[in-house]
Amino acid sequence: MFAMKKTYNIAVLPGDGIGPEVVKQAVKVLNKTGEKFGFYIEYSYADIGGIAIEKTGTPLPDETLELCKSSDAVLMGAVGGYEWDNLPGDKRPEAGLLKIRSGLGLFANYRPAVIYSPLIGASPLQERITKKGVDILILRELTGGIYFGEKKRITTKTGEQAAYDTMIYRRSEVERIARLAFETARMRRGKLTSVDKANVLEVSRFWREIVIEVSKEYPDIELNHLYVDNAAMQLVIHPEQFDVIVTGNMFGDILSDEAAMLTGSIGMLPSASLGESSLGLYEPVHGSAPDIAGRDMANPLATILSAAMLLRYSFKLEPAAKAIEDAVEKVLEDNLMTCDIATENAKVIGCEQMGDEVVARI
Ligand code: NAD
């Protein structure tokens, strides 16, 4: 007797530029991980971004969105390129990104910032700071806050021109991201930092109150609060203190880029976007890098690490996710690096070989 392997469906959206090259490597790695851990993945490919514009006139065709909705998870490459740079905003490849996130109801963005020891020299921070270890996960609320509140250009009573944006969070929005953050901290080292500006903003006082309320359901998680200005400082002087950081849309936008740069290379940064269900969207943080597309030079590790996040957060396959991350670390320890991250004595390899080297270490 042999049991049927569990089968998962992934929608794959390679996109433009280096997207197809890096996604191909991630698929290889997922397949090897499936063999090793006893699951099977079926892939359905669809278009997004520039290639979708060429074929259908729109950056996110309805068929692509429908396919994603009926899948267990979505793996995406990157979109954009010079040929579409002059199209109006809503017709550009990047419009497809906003549309897919809202179309799938994704309200939480996960951005890890990890410094791998072989790449410690790539970090702009001094080694005396980074050697304590940097492994941070930033959870940013993605669909609320000041980016989505009412905004307007006005003329004041004195006839002066002015503009305003409104920061607003509903209770339900804060509760759901807080809950997700506590759950995520539970899957990691059990520490959560909520970042706000509660000394000034009413929205932040409201946010903090709700996070404290939700924390009652998670007595095993250590919770602390930081003002955003302090958090920005702490990230560069004591990054080792952080495990999971949860924050609103605008603060998260800024802090996740700051934290990302602690690691030193855009080619190493994965991301995930999640919503109410287990369906998530996984993609590298970098763009389509048209300057190196089609030359087997792209670093596929950001996409491979995104695939690891997919296994962890959508499929709850923690050992398989960890196996991918460990394999990536081993490749780097063996001094095999793509040119964007290559240290002085590294052997420089291409995108395809990097995929193979990770596969070989799973
Ligand atoms: P980019 O991230 O594509 O590239 C910035 C620089 O980093 C380039 O020099 C590139 O060669 C390098 N780089 C990026 N990823 C790399 C990788 N995996 N390996 C090695 N080097 C890598 O950003 P950009 O140049 O500002 O934008 C290019 C296009 O991508 C634009 O059309 C932009 O709108 C789009 N974009 C898309 C996304 C996305 O799909 N999520 C994100 C950012 C930018």
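Computed from a predicted structure; not experimentally measured.

Enquirer: Help me out: how do you make sense of the packing of helix α1 (residues 19-37) against helix α12 (residues 351-360) in this one?
Expert: Two numbers describe a pair of packed helices, the interaxial angle and the distance between the axes. Taken N-terminus to C-terminus, the directions of α1 and α12 make an angle of 15°; their axes are 9 Å apart at the nearest point. On the basis of the axis angle, α1 is roughly parallel to α12. Where α1 crosses over α12, the two elements pack in a sense that is right-handed. Between α1 and α12, the contacting residues are E21, V22, K24, Q25, K28, V29 and K32 on the first element and C351, E352, G355, D356, V358 and V359 on the second. Tallied by class, the residues present in the contact of α1 with α12 amount to five nonpolar, two polar and six charged.

Enquirer: Looking at this structure, I do not really get the nonpolar core. What am I missing?
Expert: Grouped burial of nonpolar side chains is what soluble globular proteins tend to show. By size, the foremost hydrophobic cluster in this structure holds 68 residues, and its most contacted members are Y110, L311 and V358. Sequence-distant contacts of Y110, that is, excluding residues within four places in its chain, are made with L137, I138, L139, L180, T184, P270, S271, A272, L274, M309 and Y313. Membership of the second largest hydrophobic core comes to 19 residues, among which are L125, I129, V134 and L255.

Enquirer: Is there a simple way to think about the pairing of strand β8 (residues 191-196) in this case?
Expert: Side-chain positions along a regular strand alternate between the two faces of the sheet. Counting buried residues along β8, six of its six residues qualify, which places the element largely inside the surrounding structure. Judged by which residues are buried, β8 turns out to be covered on both faces: K191, T193 and V195 on one side and L192, S194 and D196 on the other are all buried. Handedness of the crossover joining β8 and strand β9 (residues 222-227) through helix α7 (residues 202-215) is recorded here as right-handed. With four bridges joining them, β8 and strand β10 (residues 244-247) adopt parallel strand pairing. Paired with S194 across the bridge in β10 is V246.

Enquirer: Looking at this structure, I do not really get the packing of aromatic side chains. What am I missing?
Expert: One pair of aromatic rings is described through two measures. These are the centre distance and the angle between the planes. Scanning all chains against the criterion turns up five aromatic pairs. On the numbers, 4.0 Å between centres and 10° between planes, the contact of Y8 with F315 is stacked. Pair noted here: Y8 is in strand β1 (residues 6-15) and F315 is in the loop between α10 (301-314) and α11 (318-333), with a separation of 307 residues, a long-range link. You can call F315 buried: its relative accessible area is 7%. On the numbers, 4.7 Å between centres and 50° between planes, the contact of Y110 with Y313 is tilted. With a gap of 203 residues between them, Y110 in strand β4 (residues 108-114) and Y313 in helix α10 connect regions that are remote in the sequence.

Enquirer: Would you explain the layout of surface pockets in this entry?
Expert: Gaps left between atoms show up when a probe the size of a water molecule is rolled over them. Space inside the largest pocket adds up to approximately 570 Å³. Lining the largest pocket are 26 residues, with L97, L98, R101, R140 and L142 sitting closest to its centre. At the level of elements, β3 (73-78), α4 (93-103), β4, α9 (249-262), β11 (270-274) and β12 (280-284) are the ones that each hand at least two residues to the lining of the largest pocket. Counting residues per element, the lining of the largest pocket draws most heavily on α4, which supplies four residues. Of the residues that constitute the lining of the largest pocket, the class distribution is 11 nonpolar, nine polar and six charged. In this structure, the lining of the largest pocket is formed jointly by two domains, domain 1 (1-107 + 266-362) and domain 2 (124-262), each of which donates at least three residues. Reported here for the second largest pocket is a volume of approximately 480 Å³. Around the second largest pocket, the lining is made up of 22 residues, and of these V114, D135, R188, R312 and E325 lie nearest the centre. Those elements that place two or more of their residues in the lining of the second largest pocket are β4, β5 (135-141), α10 and α11.

Enquirer: Whenever I open this one, the sheet that holds β4 confuses me. Can you help?
Expert: Spatial strand order, β2-β1-β3-β12-β11-β4-β5-β10-β8-β9: 10 strands in an open sheet with mixed pairing. Looking at the sheet topology across the chains shown, the edges are occupied by β2 (39-45) and β9. Along the sheet, successive strands turn relative to each other by an average axial angle of 25°, direction set aside. Note that β3 and β12 share two bridges and pair parallel. Opposite V74, over in β12, you have L281 as the bridge partner. Along the sheet, α4 makes contact with β1, β3, β11 and β12, crossing β12 at roughly 150°. The strands touched by helix α6 (residues 171-187) within the sheet are β4, β5, β8, β9 and β10, with β5 carrying the most contacts at an inclination of about 165°.

Reading the values: rules and limits
Residues numbered from 1 in each chain as written. Predicted model: local features only at pLDDT ≥ 70, side-chain atom pairs only at ≥ 80, totals over all residues. Heavy atoms only, no water. Axes fitted to C-alpha atoms, helices over the stretch in contact; angles between N-to-C directions. Helix = DSSP H or I, 4+ residues; strand = E, 2+ residues; numbered from the N terminus. Parallel < 35°, antiparallel > 145°, perpendicular 65-115°, else oblique. Left-handed = near helix turned anticlockwise from the far one by under 90°. Contact = heavy atoms within 4.5 Å. Nonpolar A, V, L, I, M, F, W, Y, C, P; charged D, E, K, R; others polar. Core = buried A, V, L, I, M, F, W, Y, C linked by side-chain atoms within 4.5 Å. Buried < 20%, exposed > 50% of the residue type's maximum accessible area, 1.4 Å probe, protein only. Right-handed = clockwise from strand over helix to strand, strands pointing away. Pairing = 2+ DSSP bridges. Phe/Tyr/Trp six-rings, centres within 6.5 Å; stacked < 30°, edge-to-face > 60°. 1 Å grid on protein atoms, 1.4 Å probe; cavity = no way out; pocket = protein on both sides within 12 Å on 5 of 7 lines; lining within 4 Å. Points joined across faces, edges and corners; volume = space filled by probe spheres on them. Domains from an automatic or database assignment.

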